[in-house]
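One-letter residues, chain by chain:
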Amino acid sequence: MEILHMGAECYPVAKVGGLADVIGSLPKYQNKVDNNVSVVIPSYQTIFRLNNNFECVYHGKLKLGNFNFPFSVQKETTNKLGFELYLVEIPELFDRPNIYNYRDDIERFLSFQIATLDWISERESVPDLIHCHDHHTGLVPFMKKYCPKYDRIKDIPTVMTIHNGLYQGIFTFNKLYYLPEFDLIHIKEIEWGNFINSLAAGIKCADIITTVSPSYLNEINHSDNGLETLFQRVRDKSRGILNGIDTEIWDPETDSMLDTNYSVNSINEGKKNNKAQLCSHFNMDPTKPLFSFIGRLYNEKGADLLPKTVVSALTTFKDQINIVILGYGDLEIENQLKQLLDVYKGNYHVHIGYDEELAHKTYASSDFILIPSRIEPCGLNQMYAMRYGTIPIVRRTGGLKDTIIDFEDNGNGICHDNASVDDICDSVQRAVNLYQNKEIFNRIRIKGMNTNHSWKYVSQEYVELYNLIIAKRYEN
Ligand code: ADP
């Protein structure tokens, strides 16, 4: 079966968050079991792009309304990622250092989708299925189906996976002329709330919708992202499939970014050594429990609660705990966190920015990881943390609810219900107590390390889904 994954990110080529981890690992594991899986993303100005060899497999000129952009499709020559990687190179729109947050993001990602469809529709062999990820590819199922230009590929089935329903790729009908020509009788398929909504279009037009955890699927039927009634309408074609992780990259036994490698048999020594290194770097006492946060600093992640949590926890547990925060995002949150540096020197450090190596070191060194998310479609941090013997402290929501159970209910972490400083601090209090009880503390972290969230087991669920859709296509 030939599958093409389409998205905005792919680790290690271009990463902002979990989307990259999934698109960089799910295809690799699907490829291991007799599939032919490839990935296509835009070509950004990233280190991976500069340091690896690519060959041009297609040249084209895409039309976006009155604009014409020359583009090419570049294939990574070695398949070193475990799948064929294609980058759509549109220099005017993507030859920039960042992935998102440009004023012309709508034009950028629409161009990416049009260029990819132009390329696929002219390929000698076309994929059996296109797997679209998030709103950056949300218009693909529609354009493929309704734009006569893509008639040759109109019957290829599509799966649309929602990694984050908050971001929807919304724009006004003034830009309708950007889309390749189609019969206006179908215009309702791209409309939501009087706007063109890329995610809504994907949800309406894809053969199957998946969310990255079962609980998130339930939540989006009621939560306030504006699409709840649409989700209710498409319930029959929706599935919640929990994300997996790449246990080859995320393996404390072989991870080259760690100071000391370790396994479940050497967890005490291994974590102690890593923690000693990290703490010495940040001038912290390594005998104290280390709490960390790794993630995008936005309200959806509960990051707005962090400054007050740091103040409250480090006031209550004066000099008894250490906190390390790694992230970037909302400038106000960044500033508030930076202002605390001088006040809590020796017990607190914040690193503003994106640093893959520091993230790995922090998972390995921490005793507890804070994941206070308001919304968490799946969350990979808790899975990485457990793999590295770090106990997750989570708010019960989305994928966190599906993966973490409180240790007092015989589970693998510490849980609370409210997105509030009080609830987080209560959990910190329970963590401090747990840290004193070495027997239970060790039992829980070993339990985490023995939990297996590898794509090896989960990726098959998608393949079964693909088979079902493809079989249905031939029935019709
Ligand atoms: P989301 O995709 O919503 O950001 P996930 O938990 O699904 O959240 O995935 C987050 C991924 O991004 C993890 O691999 C995490 O380690 C990584 N990450 C987040 N922030 C940073 C950062 N500042 N530096 C390095 N890695 C980060």
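Residues numbered from 1 in each chain as written. Predicted model: local features only at pLDDT ≥ 70, side-chain atom pairs only at ≥ 80, totals over all residues. Heavy atoms only, no water.

Chemist: How would you explain the environment of Asn 194 if you had to name every residue and give the values?
Modeler: Mapped onto the fold, Asn 194 is located in the loop between β9 (191–192) and β10 (195–197). Taking relative accessible area as the criterion, Asn 194 reaches 64% and is therefore assigned exposed. (Helix = DSSP H or I, 4+ residues; strand = E, 2+ residues; numbered from the N terminus. Buried < 20%, exposed > 50% of the residue type's maximum accessible area, 1.4 Å probe, protein only.)

Chemist: Quick one: what's the story with the site of the ligand, residue by residue and with numbers?
Modeler: What surrounds the ligand is a group of 20 residues, the closest being Gly 18, Asp 21, Arg 296, Lys 301 and Tyr 363. Lys 15 is positioned such that a nitrogen or oxygen atom in its side chain is 2.8 Å from an oxygen atom of the ligand. A distance of 2.7 Å separates an oxygen atom of the ligand from a polar side-chain atom of Lys 301. Taken by itself the ligand offers 560 Å² of open surface, and the protein chains cover 93% of this. Among the elements of the structure, α1 (18–32), β14 (322–327), α12 (356–365) and α13 (381–387) are those that each provide at least two residues to the shell around the ligand. It is α12 that provides the largest number of residues to the shell around the ligand, a total of three residues. Among the residues forming the shell around the ligand, the class breakdown is seven nonpolar, seven polar and six charged. (Near = heavy atom within 4 Å. Polar contact = N/O pair within 3.5 Å; in protein donor to acceptor, adjacent residues only side chain to side chain. Areas by Shrake-Rupley, 256 points an atom, 1.4 Å probe, with all protein chains shown as cover. Nonpolar A, V, L, I, M, F, W, Y, C, P; charged D, E, K, R; others polar.)

Chemist: Describe in detail the nonpolar core, supporting the description with residues and values.
Modeler: Judged by nonpolar contacts, the single largest core of 75 residues is most densely connected at Leu 85, Ile 90, Leu 110, Met 143, Leu 179, Ile 190 and Ile 203. Ranked by residue count, the leading element in this core is helix α4 (residues 105–122), at eight residues. For Ile 90, the contacting residues outside a window of four places in its chain are Leu 62, Phe 69, Pro 70, Phe 71, Asp 95, Ser 111, Phe 112 and Ala 115. Of all hydrophobic cores here, the second largest spans 49 residues; its members include Val 22, Leu 129, Cys 279 and Ile 294. (Core = buried A, V, L, I, M, F, W, Y, C linked by side-chain atoms within 4.5 Å. Contact = heavy atoms within 4.5 Å.)

Chemist: Would you mind going over the side chain of Asn 164 in detail, with residue names and values included?
Modeler: Structurally, Asn 164 is set in the loop between β7 (158–162) and β8 (170–171). Beyond its immediate sequence surroundings of up to four residues, Asn 164 is in contact with Asp 134, Tyr 216, Arg 296, Glu 300 and Pro 377.

Chemist: A description of the domain arrangement of the protein chain should follow, citing residues and the corresponding values.
Modeler: For the protein chain, the assigned domains are domain 1 (2–246 + 456–475) and domain 2 (264–452). A separation of 33 Å is found between the C-alpha centroids of domain 1 and domain 2. Facing 21 residues of domain 1, the contacting portion of domain 2 comprises 19 residues. Together domain 1 and domain 2 conceal approximately 1,800 Å² of surface at their shared face, both sides included; 58% is due to carbon and sulfur atoms. Summed over the shared surface of domain 1 and domain 2, the result is one salt bridge. Between Glu 356 and Lys 15 there is a salt bridge, with its nearest N and O atoms 3.4 Å apart. (Domains from an automatic or database assignment. Buried area = accessible area lost by both parts, 1.4 Å probe. Salt bridge = Lys/Arg side-chain N within 4 Å of Asp/Glu carboxyl O.)

Chemist: If you had to explain the pattern of salt bridges to someone new, which residues and values would you point to?
Modeler: Going through the model one piece at a time under the given rule, you end up with 25 salt bridges. Of the charged contacts, one joins Asp 259 and Lys 361 as a salt bridge, the two residues approaching to 3.7 Å between their closest N and O atoms. Remark: Lys 361 occurs in helix α12 and Asp 259 occurs in the loop between β12 (238–240) and α9 (267–281); sequence separation between them is 102 residues. Given the relative accessible area of 17%, Lys 361 is considered buried. Notably, a salt bridge pairs Arg 396 with Asp 417, separated by 3.0 Å at the nearest N-O pair. Taken as a pair, Arg 396 in the loop between β17 (391–395) and α14 (398–403) and Asp 417 in the loop between β18 (414–416) and α15 (421–436) lie far apart in primary sequence, 21 residues in all. In this structure Arg 396 comes out as partly exposed when scored by relative accessible area, which is 30%.

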